[in-house]
Amino acid sequence: MKTLFFTQAIDDAIAQAMVDDPRIIVFGEDVPLLRRNLLVRFGPKRVRGTPISESAFLGAGVAAAMAGLRPVVELYMVDFLGVCMDALLNHAAKVEAFSGGKWTAPVVLRIPCGGGYGDGGQHEQSLWGWLAHIPGLTVLVPSTPADAGGLMLAALQHDGPVIFLEHKFLSETWLEFLGSGARRTVHYDVPAEGTKGTVPHKWEPIPVGKALLRRQGEDVTIVSVGLSVHHALETAKTLEKEGISAGVVDLRTVSPLDKTAVCEAVAQTGRLLVVDEDYEGFGLSGELAAVVLEAGISFKYARVCTEGTIPYARHLEDQILPNTERIYKSVRKLME
Amino acid sequence: MPFNLWLLYALMLKSRLFEEAIAKLWYDGLISGEMHLGTGEEAIIAGIVSQLREGDAMALDHRGTAALLMRGVDPVSILRELLGYPDGLCRGMGGHMHLFSKEHLAASSGIVGAEGPTATGFALSAQYAHPGTIAVAFFGEGAMNQGMMMESMNLAAAWNLPVLFVCKDDGWSITTQSESLTGGDLNERARGLGIPAVEVDGCDLSGIWEASQLAIERARSGQGPSFLHARCVHLEGHFLGFQLLRIARNPLREMPDIALPLTRSILRPRGGALRERAAGLKKVLSAVFSTLRDPRRDSANDPIQHARKTLLSYPVRLNDFEDQIKQEISDVFASALAEVPS
Ligand SMILES: Cc1ncc(C[n+]2csc(CCOP(=O)(O)OP(=O)(O)O)c2C)c(N)n1
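Keep in mind that what you see is a predicted model, and the values were worked out from it rather than measured. (Residues numbered from 1 in each chain as written. Chains lettered and ligands numbered in written order. Predicted model: local features only at pLDDT ≥ 70, side-chain atom pairs only at ≥ 80, totals over all residues. Heavy atoms only, no water.)

### Observations regarding the overall build of chain A
Put simply, the rule reads: Working definition: helices are DSSP H or I runs of at least four residues, strands are E runs of at least two. Numbering for both runs from the N terminus. Relative accessibility decides the category of a residue: with a 1.4 Å probe and only protein chains considered, values under 20% of the type maximum give buried, values over 50% give exposed, and everything between is partly exposed. Each accessible area is a Shrake-Rupley estimate made with a 1.4 Å probe; only the visible protein chains count as cover when residues are assessed.
Each helix and strand in chain A was counted, giving 15 helices and 14 strands. For the C-alpha atoms alone, the extent of chain A along its principal axes is close to 60 × 55 × 40 Å. Every one of the 336 residues in chain A was classed for burial, and the buried ones make up 64%. For chain A, the accessible area works out to roughly 12,400 Å², and carbon and sulfur atoms hold 54% of it.

What follows is the structure, encoded as structure tokens:
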């Protein structure tokens, strides 16, 4: 075992895969500097910078994947997918269906997501529910360095388009680049287990579509993903002191959803709280309720999600993004 | 309106002092997240914004603070926005990348290239409902490679819309030297779409003023869009705390964190051939060395110093003038910081 930061773990897994598979190339804006450690090891043919032309380079990544490469395409932030959504929505996601299952586009999109550091509503969205809505796309949202590396390896071996979302709050590198700018005068409450952790010496793929029960609980099941998993775990500890036993399921994969794991946990507790940093309406939180209802399980339900456009001011952000206080209140209410 | 160096100098200096004080708030931790300043762009912004009239619109990028200030938006409300206060320009919802002022028809975006469609739409409304008014788009050279920017230029040309596309070219897109990823020449690109293009030096206030006067006149009189290409230098790099500038300013402190993992990666067994690794290293070093030789470090590239040279012939007047502006800006800050909402 060794200890790595979140972003280091992802880079490490990509490096391991690049050694084994010459089809893997990495490109995106500023990649030569952001991924300089890959660039000096694998050279400029495999690690490339792009102009600010997302529609072109993402679309090209999709087609290059169809033609046999395994591109890792990086976008600066998931919000900027708005510029180039066609490549995903109408192309990457459709190839397999349109070709009658004979052709796929094994492209991996690696994109920072998430908020809480004061960058405003055009730079802090999560959007995994929006992406998972589209058939044909796999959406991964890891919450620890070990999961991040293992899921990245799985993404690189997967036979279709994968969106791999890297939460900026878990990434030391991104939080410094975009949040603090190396200042000591701003403070971010980052979860220790999410940002740094032990990882295997040799990466093994973590199966896509498998959730993880991070904490056993008798009274209520909190289902979450990404950064919020840590908020859920922290709240579960507080609740334990008050005699409430809360379990925490970390989805890890948003699509395909691990319905079995969610239903099993909720069937035991009879209460489901979804903690989802994505928008509340028409998304993951509603989907989870539907899945458990369809399984015929009777349960009480609540959700803590992002309510509306994410404000710039940090104290306003705190009010609308999921946090321990909101999770605590929701659980107490579910227990009434 | 005739060219008035004192007036333009006042706009530029106010903006500079305003943004330098913002930088201090940022370093003090009163502003979180990214902070892109327009220091180094002031001559371009002042030369153009000073010629706008009531009803003209502006589409701004992630460095829009200077343009809003020069357009006459209340500086205290901008500052209180950056501090995240409820009585800020956008009630603490926008921040510096998403500043909006409906009464000034000014909209910002942090999405690179979005200024193209926005200015084009403002210009459509101008052409249709308010002939004689125009729209200006301010953006960087990196944005020129964004599809929607090129599409907007074509649309503006096809519909003969009153837009001024202003490309503030500092040569860098964050850590990327834009030229290395841009095909052809930007002025030729505009001309290829049927839009007249003018090249100006972003430090040359009178050159900017004259070129934009012609372009604005063209637009107002229904002769369609123009493209202005102005080279400039961002004195604070891409944003505050920018890693490449930190390296340039303090290599001994910043380099070890970068050099150690880099060396380890080059020496890792398995991976690219030696030739590939060397080529990779060359790329990384060239970005670092270009920063070390950075024009940002040369005051000849500072538009304010440039304009000041001429005004130095009137030392007493200049001194009083500058003192007055400094006082004004310090009053703005005192007033903006006076009351902290509970
Ligand atoms: C669509 C989109 N892609 C990427 C980014 C990330 N980004 C922010 S600023 C920037 C560089 C912009 O360069 P340029 O247009 O030259 O403007 P400058 O910052 O140099 O003024 C990039 C890539 C973004 N904000 N929007």
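Picking up where we left off.
### Some thoughts on the overall build of chain B
Rules: Taken over C-alpha atoms, the radius of gyration is set against a globule rule of 2.2 Å times the number of residues to the power 0.38.
Within chain B, the secondary structure is distributed over 13 helices and nine strands. A compact globule built from 342 residues should have a C-alpha radius of gyration of about 20 Å, and chain B, at 21 Å, falls within 12% of that. Reported as C-alpha extents along the three principal axes, the dimensions of chain B are approximately 65 × 50 × 45 Å. Looking at chain B as a whole, 57% of its 342 residues are labelled buried.

### Quick look at the sheet that holds strand 10 (residues 220-224) of chain A
All names here are of chain A. Under the convention used in this document: Paired strands, in this sense, are two strands between which DSSP finds at least two bridges. A fitted line through C-alpha atoms represents every axis, and for helices the fit uses only the stretch in contact; the resulting angles, taken between N-to-C directions, go from 0 to 180 degrees. Here, two residues are considered to be in contact whenever any of their heavy atoms come within 4.5 Å of each other.
What the five strands build is an open sheet, ordered 9-11-10-13-14; its pairing is mixed. In this open sheet, the two strands that pair with only one neighbour each are strand 9 (212-215) and strand 14 (300-306). Averaged over all neighbouring strand pairs, the angle between strand axes comes to 25°, with direction disregarded. Sitting on the sheet, helix 11 (residues 227-241) touches strand 9, strand 10, strand 11 (246-250) and strand 13 (271-279), and the angle it makes with strand 11 is about 170°.

### Notes on the interface of chain A and chain B
So the rule is basically this: Throughout, the accessible surface (probe 1.4 Å) given up by two parts as they are put together, summed over both, is called the buried area. By convention in these notes, a salt bridge is any Lys or Arg side-chain nitrogen within 4 Å of a carboxyl oxygen on Asp or Glu. Within 3.5 Å is the distance limit for a polar contact, defined as a pair of N or O atoms, with the added protein rule that one can donate a hydrogen and the other accept it, and that residues adjacent in sequence qualify only through two side-chain atoms. Note that Gly is not counted as nonpolar here; it falls among the polar residues with everything else outside the nonpolar set of Ala, Val, Leu, Ile, Met, Phe, Trp, Tyr, Cys and Pro and the charged set of Asp, Glu, Lys and Arg.
Contacts between chain A and chain B engage 51 residues on the former and 54 residues on the latter. Of the roughly 4,200 Å² buried between chain A and chain B, counting both surfaces, carbon and sulfur atoms make up 58%. Taken as a group, A:Val40, A:Arg41 and A:Tyr312 account for 18% of the area that chain A buries against chain B, more than any other trio of residues on that side. At the boundary of chain A and chain B, one finds four salt bridges. Joining chain A to chain B, the criterion identifies 30 residue pairs in polar contact (both at pLDDT 80 or more). Contributing elements (two or more residues each) for the side of chain A that touches chain B: helix 1 (6-20), helix 2 (31-34), helix 3 (36-42), helix 9 (172-180) and helix 14 (314-320) of chain A. The dominant element in the side of chain A that touches chain B, judged by the number of residues it contributes, is helix 3 of chain A, at six residues. Taken together, the residues of the side of chain A that touches chain B break down into 24 nonpolar, 16 polar and eleven charged.

### Description of the domain arrangement of chain A
Residues and elements named next belong to chain A. Stated precisely, the cut-off is as follows: As annotated, the domain borders come from an automatic or database domain assignment.
For chain A, the assigned domains read domain 1 (2-199) and domain 2 (212-334). Using C-alpha coordinates to define each centre, domain 1 is positioned 25 Å away from domain 2. The interface of domain 1 with domain 2 comprises 34 residues on the first partner and 24 residues on the second. With both chains or domains summed, domain 1 and domain 2 bury close to 2,200 Å², and 53% of this area falls on carbon and sulfur atoms. Considering only the side of domain 1, the residues that lose the most area to domain 2 are Trp-128, Val-141 and Ser-143, jointly responsible for 22% of the buried surface there. One can count two salt bridges joining domain 1 with domain 2. For the salt bridge of Asp-147 with Arg-252, the shortest nitrogen-to-oxygen distance reads 3.1 Å. There are 20 residue pairs in polar contact (both at pLDDT 80 or more) connecting domain 1 and domain 2.

### Section: the pattern of salt bridges
For side chains bearing opposite charge, pairing can occur when the charged atoms are close. Residues and elements named next belong to chain A. Counted according to the given criterion, the structure contains 35 salt bridges over all chains. Its salt-bridge partner being Arg-35, residue Asp-11 comes within 3.6 Å of it at the nearest N-O pair. One end of the pair, Asp-11, is in helix 1; the other, Arg-35, is in the loop between helix 2 and helix 3, and 24 residues separate them in sequence. Like Asp-11, the residue Arg-35 is buried in the burial classification. Between Glu-166 and Arg-110 there is a salt bridge; the shortest N-O distance is 2.9 Å. Of the two residues, Glu-166 sits in strand 7 (residues 162-167) while Arg-110 sits in strand 5 (residues 108-113), which places them 56 residues apart along the sequence. The exposure classification of Glu-166 matches that of Arg-110, with both residues buried.

### Quick look at the nonpolar core
All names here are of chain B. Threshold: The criterion is simple. A nonpolar core is a set of buried Ala, Val, Leu, Ile, Met, Phe, Trp, Tyr and Cys residues joined through side-chain atoms within 4.5 Å.
Grouped together as the largest cluster of nonpolar side chains are 69 residues, with contacts concentrated most on Phe-18, Ile-22, Ile-48, Met-58, Phe-138 and Phe-333. Among the elements that line this core, the one with the most residues is helix 1 (residues 5-27), at 15 residues. Setting aside residues up to four positions removed in sequence, Ile-48 forms contacts with Val-136, Phe-138, Leu-164, Val-166, Ile-208, Ser-212, Ile-216 and Leu-228.

### As for helix 13 (residues 284-294) of chain A
All names here are of chain A. To keep things clear, this is the line we draw: The arc under discussion is defined with respect to the helix axis, by the directions toward the C-beta atoms.
Regarding helix 13, the residues found buried are Leu-284, Ser-285, Leu-288, Ala-289, Val-291 and Val-292. All buried residues of helix 13 lie within an arc of 160° about the axis, which places them on one face of the element. Exposed and oriented more than 90 degrees from the buried face of helix 13 are Leu-293 and Glu-294. On its buried face, helix 13 sits against helix 7 (128-132), strand 10, strand 12 (253-255), helix 12 (259-269), strand 13 and strand 14. Just past helix 13, the residue Gly-296 takes up positive phi, approximately 80°.

### Observations concerning the state of the cysteines
As used in these notes, a disulfide is a covalent bond between sulfur atoms, one from each of two cysteines. All names here are of chain A. The line we're drawing: Put simply, a disulfide is two cysteine sulfurs that come within 2.5 Å.
According to the stated counting rule, one finds zero disulfides over all chains in the structure shown. In this model Cys-113 remains outside any disulfide bridge; the closest cysteine sulfur is found in Cys-305, 15 Å from its own. Owing to a relative accessible area of 0%, Cys-113 belongs among the buried residues under this scheme.

### A closer look at the side chain of A:Ser53
Mapped onto the fold, A:Ser53 is located in the loop between strand 3 (47-49) and helix 4 (54-66). In this structure, A:Ser53 is in contact with A:Glu29, B:Asn145 and B:Gln146, ignoring residues within four places of it in sequence.

### Section: the layout of surface pockets
Residue and element names in this part refer to chain A. Note the threshold: Using a 1 Å grid laid over the protein atoms alone, points where a 1.4 Å probe fits but cannot get out form a cavity; open sets with protein on both sides within 12 Å along at least 5 of 7 lines form a pocket; any residue with an atom within 4 Å of a point counts as lining. Grid points are joined across faces, edges and corners, and a volume is the space filled by probe spheres set on the points.
Size it by volume and the second largest pocket reaches roughly 630 Å³. Surrounding the second largest pocket, 25 residues form its lining, Phe-169, Asp-189, His-231, Glu-234 and Thr-324 being those nearest its centre. Among the elements of the structure, helix 10 (192-195), helix 11, helix 14 and helix 15 (324-335) are those that each provide at least two residues to the lining of the second largest pocket. Examining the composition of the lining of the second largest pocket, we find that seven residues originate from one element, helix 11, more than from any other. Formed jointly, the lining of the second largest pocket draws a minimum of three residues from each of two domains, domain 1 (2-199) and domain 2 (212-334).

### Quick notes on the site of the ligand
Our working rule: To be near a molecule or strand, a residue needs just one of its heavy atoms within 4 Å of it. Pocket occupancy is defined atom-wise: a molecule lies in a cavity or pocket when more than half of its atoms are within 2 Å of its grid points.
Taken together, 22 residues are adjacent to the ligand, and A:Glu54, B:His62, B:Arg63, B:Gly110 and B:Gly142 come closest. Those chains with residues close to the ligand are chains A and B. Contact distances for the ligand include 2.7 Å between a nitrogen atom and a backbone N or O atom of B:Gly110. In the environment of the ligand, an oxygen atom lies 2.8 Å from a nitrogen or oxygen atom belonging to the backbone of B:Gly142. Calculation on the ligand without its partners gives an accessible area of 580 Å², and the protein chains cover 97% of this total. Its atoms largely coinciding with the cavity grid, the ligand occupies the largest cavity. Considered class by class, the residues forming the shell around the ligand number nine nonpolar, eight polar and five charged.

### Observations regarding the packing of aromatic side chains
Aromatic ring pairs are reported here in terms of the distance separating the ring centres and the angle at which the planes meet. The following threshold applies: Here the aromatic set is Phe, Tyr and Trp, taking the six-membered ring for Trp, and pairing holds for ring centres within 6.5 Å; pairs whose planes are under 30 degrees apart are stacked, those over 60 apart are edge-to-face, and all others are tilted.
Under the defined criterion, the tally for this structure stands at twelve aromatic pairs over all chains. A centroid spacing of 5.9 Å and a plane angle of 80° characterise the contact between A:Phe169 and A:Tyr188, whose relative ring orientation is edge-to-face. With a gap of 19 residues between them, A:Phe169 in the loop between strand 7 and helix 9 and A:Tyr188 in the loop between helix 9 and helix 10 connect regions that are remote in the sequence. For the pair formed by A:Phe169 and A:Tyr188, the shared burial category is buried. Aromatic pair B:Trp6 and B:Phe321: ring centres 5.1 Å apart, planes at 80°, arrangement edge-to-face. One end of the pair, B:Trp6, is in helix 1; the other, B:Phe321, is in helix 13 (residues 315-338), with 315 residues separating them in the sequence.

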